[in-house]
Structures are given as structure tokens and as C-alpha cells.
Amino acid sequence: MSAPFEERSGVVPCGTPWGRWYQTLEEVFIEVQVPPGTRAKDVCCNLQSRHIALSVRGQDVLQGKLFDSTVTDEGTWTLEDRKLIRIVLMKTNRDAGNCWTSLLENEYAADPWVQDQMQRKLTLERFQRENPGFDFSGAEISGNYSKGGPDFSSLEKTQLRSTPTTAIWS
């Protein structure tokens, strides 16, 4: 079994004062650096469809309204090596055109270059899904890729409907 697209192609992170966040078509990942030796009982993480609240040892680290909605029951957080909190949120809208421009509605926005790279990555991930026999993980994309890139699904339908005709001359 091959690795997921984001593992083969890398991620496009958006740096923040507390760590970084990045996204795939389906998920938003948040990585928060915490003091070494932090224990799970020191962490309070509340994940809701449009809101997140994270505090460590009583100090608020991240709190606010998310950029877009998530599936509440599928959000998780883990503490890794007692120094990194990883939060995974499942996007409600999972198409390539849904590239979050910031983590929260008014905070932690990706700069224009990072936003552009995120959109490119999501478009390539969409192409990978639509064409599972090809590997787009190392591909470069240019041109019209904003909002998920061009929709090629109609080409397939057109090609299936048009059948070659043969003219017979007598």
C-alpha cells in the first residue's frame, strides 16, 4: 500500500507563534509546541464544529472561531513526546476549492505565497484522487488552479458520448 498523498508530496505549513498548521483536501492539522515534560492532564482541548479552544497548564494557547466548519466527532488531539500537541480536524467541505486561507476567522492567515502553495497542493491532491493510477506527488502545477483547478470531469463524459463514425462511399 502506498503512503498517503501528503506524505509523498510533503506539506505546505503556515507558521504561527505557537507552531504551525497545514491542510489536505479532507483535514486540517495543527501542531502546537508545548514546554518539554507537558503531560496530558496539563492539556485542555475543546473541539467543536466551528470553534477551538486549547490551553496548556492553565494558559490559553489557541482559541477562536475556525475558518470553516469541521466534523465535531472526528476531531482529535494527541500529545507527542511530551512536547508537541497535534490536532486533526476533519473538514466538512472536502473539495479542492475549499482551501482555508487562515486557521481562525481573523487569525493565523497564510501569507499570499503560502496560500498559493496550499491551493496548488490541494489541486494536485484532487487530481491524484481523480486519477489513482498516476502519481502527482512530485508534480508542479501552473495556470488555473485556484478554487480547485479546472474541472475535467465533463471531458470524460463528452468522450464517452461521441463515437467515431465511418463514412461509406459508393
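Up top is the structure these notes are about.
No experiment lies behind these values; they were computed from the predicted model shown.

## Observations concerning the sheet that holds strand E2 (residues 19–23)
Within a sheet, adjacent strands bond to each other through the backbone by hydrogen bonds, running parallel or antiparallel.
Here is step 1: The sheet built from five strands is open, its strands ordered E1-E2-E3-E8-E7 with antiparallel pairing. The strands lining the two open edges of the sheet, one partner per strand, are strand E1 (14–16) and strand E7 (76–80). Shown here is a sheet whose adjacent strand axes are inclined to one another by a mean of 15°, direction ignored.
Here is step 2: By the bridge criterion, three bridges tie E1 to E2 in an arrangement that is antiparallel. What sits directly across from Gly15, in E2, is Arg20.
Here is step 3: Helix-sheet contacts for helix H2 (residues 112–130) involve E1 and E2, and the interaxial angle to E2 is about 40°.

## Details of the nonpolar core
Here is step 1: The biggest cluster of nonpolar side chains holds 29 residues, and the ones touching the most others in it are Trp21, Ile30, Leu62, Ile87 and Leu103.
Here is step 2: When residues of this core are traced back to their parent elements, those giving at least two are strand E3 (27–33), strand E4 (43–47), strand E5 (51–56), strand E8 (84–90), strand E9 (102–104) and H2.
Here is step 3: When neighbours within four sequence positions are excluded, Ile30 is seen to be in contact with Trp18, Arg20, Trp21, Ile52, Leu62, Ile85, Arg86, Ile87, Leu89 and Leu103.

## A word on the pairing of E4
Here is step 1: Every second residue of E4 is oriented toward a common face, the buried set being Val43, Cys45 and Leu47 and the non-buried set Cys44 and Asn46.
Here is step 2: Summarising the sheet, E4 and E5 pair through five bridges and their orientation is antiparallel. Along E5, the bridge assignment pairs Val43 with Val56.

## Some words on the packing of aromatic side chains
Here is step 1: Within the structure shown, the criterion is met by five aromatic pairs.
Here is step 2: Ring geometry for Trp18 versus Tyr108: centroids 5.2 Å apart, planes at 75°, classification edge-to-face. You can see Trp18 sitting in the loop between E1 and E2 and its partner Tyr108 sitting in strand E10 (residues 107–109), a full 90 residues away along the chain. Across the pair, Tyr108 and Trp18 agree in class, each one buried.
Here is step 3: Ring plane angle 15° and centroid distance 5.0 Å describe the contact between Tyr22 and Phe29, whose orientation is recorded as stacked. Neither Tyr22 nor Phe29 differs from the other in exposure class; each is buried.
Here is step 4: Aromatic ring contacts, followed pair by pair, group Phe127, Phe134 and Phe136 into a single cluster.

## Regarding the side chain of Gln128
Here is step 1: Summarising the element assignment, Gln128 is placed in helix H2.
Here is step 2: In this structure the side chain of Gln128 is engaged in a polar contact, spanning 2.8 Å, whose partner is the backbone nitrogen of Phe136.

## Section: the pattern of salt bridges
Where charged atoms from two side chains of opposite charge approach closely, those side chains can pair.
Here is step 1: Inspection of the entire model under this criterion finds 10 salt bridges.
Here is step 2: Between Arg86 and Glu80 there is a salt bridge; the shortest N-O distance is 2.8 Å.
Here is step 3: Each of Arg20, Glu31, Glu80 and Arg86 takes part in one network of salt bridges that share partners.

## Some points on unusual backbone geometry
Here is step 1: With a phi angle near 55°, Asp81 is a residue other than glycine that sits in the positive phi range.
Here is step 2: Checked against the element boundaries, Asp81 lands in the loop between E7 and E8.
Here is step 3: Its relative accessible area of 68% is what places Asp81 among the exposed residues.
Here is step 4: Even without being a glycine, Tyr108 presents a positive backbone phi close to 60°.

Definitions and cut-offs
- Residues numbered from 1 in each chain as written.
- Predicted model: local features only at pLDDT ≥ 70, side-chain atom pairs only at ≥ 80, totals over all residues.
- Heavy atoms only, no water.
- Pairing = 2+ DSSP bridges.
- Helix = DSSP H or I, 4+ residues; strand = E, 2+ residues; numbered from the N terminus.
- Axes fitted to C-alpha atoms, helices over the stretch in contact; angles between N-to-C directions.
- Contact = heavy atoms within 4.5 Å.
- Core = buried A, V, L, I, M, F, W, Y, C linked by side-chain atoms within 4.5 Å.
- Buried < 20%, exposed > 50% of the residue type's maximum accessible area, 1.4 Å probe, protein only.
- Phe/Tyr/Trp six-rings, centres within 6.5 Å; stacked < 30°, edge-to-face > 60°.
- Polar contact = N/O pair within 3.5 Å; in protein donor to acceptor, adjacent residues only side chain to side chain.
- Salt bridge = Lys/Arg side-chain N within 4 Å of Asp/Glu carboxyl O.

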